[in-house]
Amino acid sequence: MDQRAELSEFLRSRRGRLRPEDVGLPQVGRLRRVPGLRREELALLAGVSVAYYTRLEQGNGQNVSVEVLDAIARALRLNDAERDHLLHLAKPADRKRKRYRGFRRQTVRPAVLNLLESMESVPALVLGQRLDVLAGNRLARALFGDFAVLDPEERNMARHVFLSPAARDLYVDWEAKATEVVSVLRMYAGCSADDPRLATLVGDLSVRSPEFRSLWAAHTVQEKGHGVKRLRHPLVGELTLSYETLKLADDHDQSLLTYAAEPGSPSAEALRLLANWGVDATDAPSGTFGTSASPATGDS
């Protein structure tokens, strides 16, 4: 993926979503042929020259300082995730560090697999680079499907959301889930544009899913976080679950994703029923597709 093009497109997309009245500027002068602020207006707000900002928007961020990027982020009204994304795109030192990390082998520590197995009432997954699904417990398999039966390159949350018909039925608000997944992938792309598997994933999804192609072009970014998901499972019906994303202390490219129901709620009872079904229907031990012996953990 072309880092200069990513920087250019991101800045243009963020500038395009602002109107003069959003930032306290009067609407004067010639008619606007495209929505959003003009370059000269953005440069004025950021306190830089039009020529300087134009070079940056053309993808030339090698010599720009963090202070200038912060000023541009404030002018564009970027949130924290968007600001971090801008810094990753513009600063080559960050790219060099990430380029090395992007090709290491991803494995899940045995202690983490044991933790997953002990979480009998909570669906839990370990996600890695590119939202690859590295491991999961029995209840996660019963809730989301068994990633272990898929080919290694298919064990990915973005592929699951955009290419699996079952996922469109599972997520009550599929559009919100799809936007979230693309936004997280965009955040990863800002740090790891040199990852060839990311380019393959984005290219494949862009060809096979018009929804993905449209969302990817919007350049929204966000970190994996927390919130509430409503799911509609074919066996136990609708569930409302709180999810938390916890980065693993020794590997920030891996995250533990858990889903929990409010105690005593219908969703908690649905999870209990699903856990009983999952134990009866699944023969393989939990987390097997996340161990170092699994083909899912090839070079990343």
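Residues numbered from 1 in each chain as written. Predicted model: local features only at pLDDT ≥ 70, side-chain atom pairs only at ≥ 80, totals over all residues. Heavy atoms only, no water.

J.: How should I be thinking about the confidence of the model for the protein chain in this particular structure?
T.: Predicted coordinates in regions of low pLDDT should not be interpreted in detail. Averaged over all residues, the pLDDT of the protein chain is 84; the fraction at 70 or higher stands at 84%. In the model of the protein chain, helix H6 (residues 92-101) stands out as the element of lowest mean pLDDT, 47, in contrast to helix H9 (residues 157-163), which has the highest, 97. Across residues 93-100, confidence stays below pLDDT 50; counting only partners more than four residues off in sequence or on other chains, it has 11 contacts. Predicted confidence is poor over residues 279-300, with pLDDT under 50, and the contacts of this stretch with residues over four places away or in other chains come to 59 contacts. (pLDDT = per-residue confidence, 0-100. Helix = DSSP H or I, 4+ residues; strand = E, 2+ residues; numbered from the N terminus. Contact = heavy atoms within 4.5 Å.)

J.: What's the story with the packing of aromatic side chains in this structure? I'm lost.
T.: In this description, an aromatic ring pair is defined by two values, namely the gap between the centres and the angle between the planes. Evaluated as defined, the whole model comprises 5 aromatic pairs. Residues Phe-144 and Tyr-259 carry aromatic rings whose centres are separated by 5.2 Å and whose planes lie at 55° to one another, so their mutual orientation is tilted. Residue Phe-144 is found in helix H8 (residues 138-144), and its partner Tyr-259 is found in strand E5 (residues 251-260); the two are separated by 115 residues along the sequence. Among the residues examined, Tyr-259 registers a relative accessible area of 3% and is labelled buried. With a centroid separation of 5.6 Å and an interplanar angle of 80°, the aromatic rings of Phe-162 and Trp-174 are classed as edge-to-face. Pair noted here: Phe-162 is in helix H9 and Trp-174 is in helix H11 (residues 174-191), with a separation of 12 residues, a long-range link. (Phe/Tyr/Trp six-rings, centres within 6.5 Å; stacked < 30°, edge-to-face > 60°. Buried < 20%, exposed > 50% of the residue type's maximum accessible area, 1.4 Å probe, protein only.)

J.: Could you clarify how one ought to interpret the pattern of salt bridges in this entry?
T.: Opposite charge on two side chains permits them to pair, given that their charged atoms come into close proximity. Summed over the entire model, instances satisfying the criterion amount to 19 salt bridges. Ionic pairing is found between Lys-229 and Glu-180, a salt bridge with its closest N-O pair at 2.8 Å. Remark: Glu-180 occurs in helix H11 and Lys-229 occurs in strand E3 (residues 226-233); sequence separation between them is 49 residues. The pair Lys-229 / Glu-180 is uniform in exposure class, with both members buried. One network of salt bridges, in which partners are shared, links Glu-154, Arg-159, Asp-204 and Arg-208. (Salt bridge = Lys/Arg side-chain N within 4 Å of Asp/Glu carboxyl O.)

J.: Looking at this structure, how should I read unusual backbone geometry?
T.: Leaving glycine aside, a negative phi is the common case for residues, and trans is the common case for peptide bonds. Of note in this structure, Arg-130 is not a glycine but carries a positive phi near 60°. With respect to the helices and strands, Arg-130 occurs in the loop between strand E1 (124-127) and strand E2 (133-136). Despite not being glycine, Leu-131 shows a phi value in the positive range, around 65°. If you trace the backbone, Leu-131 turns up in the loop between E1 and E2.

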